[in-house]
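A closer look at the structure
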Amino acid sequence: MKLESLTVQKVVTTSLCLLVLGAVQVSAKDKEDSKSGRAGNWKSNAQGSPEVAACRKKVEADPKNAEAQNDLGWALRQNGDAKGAELALRTSISLNDKLAYSHSNLSVVLLDKGASGEALQEAKAAIALDPKKPIYHVVCGNAMLATGDAKGAIVEYKTAIAEQNDYENAYFHLAQALSKDGQTVEAKVALSQAMQLDPEDTRAVKLFDEIAK
């Protein structure tokens, strides 16, 4: 894989203004949320998750604890149990429909199984409850992209970047949406930023090569 650094730099210089940027500090709460799987990893597309066994114990001790059900749901999703994850997350929402991260996590699980329409509804519910959380906009953008709404997805990814301007995963997905919308130059700009933030993100390198062909 060869990247023409001068070309990339030119694209960045001439087109960076097309991206919406902003900056916020990552709070202690955000760091804690990351441990429990409630927040996005700013690099790549990984999210943390608590241990399944530990989550099950919390749910068994207090089945009506919506947060415990959410954490179990996300842990199950991260460990390949989609059905169990969906059940736990729906239980969490039934216990407390004001937990934005439960709606967002359910959106991810629903999108995993191809239920993009319902995934979009849950993503929008999360944003309605907490519009400042960058990951909820990325999750919503992913659902929009899956339903064929590239322009709507672009708006959501740019909103996420405006809230957290080192959110590498948002830049990557923004590039995907821009590419699908025919905005090739802008897609390269977003990818160059993603690769600067995480040079080891092979997804971004692969997509850049595909766009550059």
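Report follows, based on the coordinates. (Residues numbered from 1 in each chain as written. Predicted model: local features only at pLDDT ≥ 70, side-chain atom pairs only at ≥ 80, totals over all residues. Heavy atoms only, no water.)

Details of the side chain of E156
What counts, and what does not: Counting from the N terminus, the helices are DSSP H or I runs at least four residues long and the strands are E runs at least two residues long. Accessibility here uses a 1.4 Å probe with only protein chains present; expressed as a share of the type maximum, an area under 20% marks a residue as buried, one over 50% as exposed, and anything in between as partly exposed. Positive residues here are Lys and Arg, negative ones are Asp and Glu, while His and the chain termini are left out of the count. Any Lys or Arg side-chain nitrogen located within 4 Å of an Asp or Glu carboxyl oxygen qualifies as a salt bridge. Polar contacts here mean pairs of N or O atoms no more than 3.5 Å apart (in protein, one a potential hydrogen donor and the other a potential acceptor; neighbouring residues in sequence count only if both atoms are side-chain atoms). Any pair of residues with heavy atoms lying within 4.5 Å of one another is described as a contacting pair.
On the secondary structure map, E156 appears in helix α9 (residues 150-163). For the buried E156, no salt bridge is present, and the opposite-charge side chain at shortest range is K124, 7.7 Å distant. Of note is the side chain of E156, whose polar atom sits 2.7 Å from the side chain of H137. Contacts of E156, omitting those with residues within four sequence positions, involve I127, H137, C140, G141 and M144.

Remarks on the packing of helix α5 (residues 82-95) against helix α6 (residues 100-112)
When two helices pack together, you describe them by how their axes are tilted relative to each other and by the distance separating the axes. Selection rule: Here an axis means a line fitted to C-alpha atoms, over the contact stretch when the element is a helix, while the angle between two N-to-C directions is reported on a 0 to 180 degree scale. Here is the rule for angles: anything less than 35 degrees is roughly parallel, anything more than 145 is roughly antiparallel, 65 through 115 is roughly perpendicular, and the remaining ranges are oblique. Here a crossing is taken to be left-handed if its near helix is turned anticlockwise relative to the far helix by less than a right angle, and right-handed if that turn runs clockwise. Three categories are distinguished: nonpolar for Ala, Val, Leu, Ile, Met, Phe, Trp, Tyr, Cys and Pro, charged for Asp, Glu, Lys and Arg, and polar for the others, with Gly belonging to the last.
Contact pair α5 / α6: the axes reach a minimum separation of 9 Å and the direction vectors enclose 155°. In terms of their interaxial angle, α5 and α6 are classed as roughly antiparallel. Along this stretch, α5 crosses α6, giving a crossing that reads as left-handed. Residue-level inspection shows A82, A85, E86, L89, R90, S92 and I93 of α5 in contact with α6, the latter providing S102, H103, N105, L106, V109 and L110. The residue inventory of the contact of α5 with α6, partitioned by class, reads seven nonpolar, four polar and two charged.

Comments concerning helix α8 (residues 134-146)
Going by this rule: Here the expected length of a helix is defined as 1.5 Å per residue gap, with one fewer gap than residues.
Taking 1.5 Å per residue as the helical rise, α8 with its 13 residues ought to reach 18 Å, and the 19 Å between its terminal C-alpha atoms agrees with that figure. Every buried residue belonging to α8 is among P134, I135, Y136, H137, V138, V139, C140, G141, A143, M144 and L145, and all of these are buried. The first or second residue beyond α8 is G148, which carries a positive phi of 95°.

Focus on the packing of α6 against helix α7 (residues 116-129)
It is at 8 Å that the axes of α6 and α7 come closest, and there the two elements cross at 160°. By the criterion of interaxial angle, the relationship of α6 to α7 is roughly antiparallel. For the pair α6 and α7, the sense of crossing is left-handed. Judged by residue contacts, A100, H103, S104, L106, S107, L110 and L111 of α6 engage S116, E118, A119, E122, A123, A125, A126 and L129 from α7. In terms of residue class, the contact of α6 with α7 is built from nine nonpolar, four polar and two charged.

A look at the pattern of salt bridges
In the structure shown here, the tally under the stated rule is eight salt bridges. Across the salt bridge formed by R90 and E86, the nearest N and O atoms sit 3.0 Å from each other. With R90 and E86 both in helix α5 and four residues apart, this pair spans about one turn of that helix. Residue D201 pairs with R203 through a salt bridge whose shortest N-O separation is 2.7 Å.

Description of the environment of A88
Within the secondary structure, A88 sits in helix α5. Note on A88: relative accessible area 4%, which makes it buried. Taking the C-alpha atoms as reference, A88 lies 9.5 Å from V59; in sequence the two are 29 residues apart. Setting aside residues up to four positions removed in sequence, A88 forms contacts with Q69, L72 and G73.

Here we look at the nonpolar core
Applicable threshold: Only buried residues count toward a nonpolar core. Its members are Ala, Val, Leu, Ile, Met, Phe, Trp, Tyr and Cys residues joined through side-chain atoms within 4.5 Å.
Ranked by internal contacts, the top residues of the largest apolar core, which has 57 residues, are L72, Y136, Y157, L174 and L191. Contacts of L191, omitting those with residues within four sequence positions, involve F172, A175, A204, L207, F208 and I211.

Things to note about α7
Put simply, the test is: Relevant arc is that of directions from the helix axis to the C-beta atoms, nothing else.
Between its first and last C-alpha atoms α7 spans 20 Å; for 14 residues at 1.5 Å apiece the expected length is 20 Å, and the two agree. Taken as a whole, α7 has its buried residues at S116, A119, L120, E122, A123, A126 and I127. Summarising the axial view, the buried residues of α7 lie within an arc of 165°, below the 170-degree limit, and thus occupy one face. Turned more than 90 degrees away from the buried face of α7, the exposed residues are Q121 and A128. At its buried positions, α7 is contacted by α5, α6, α8 and α9.

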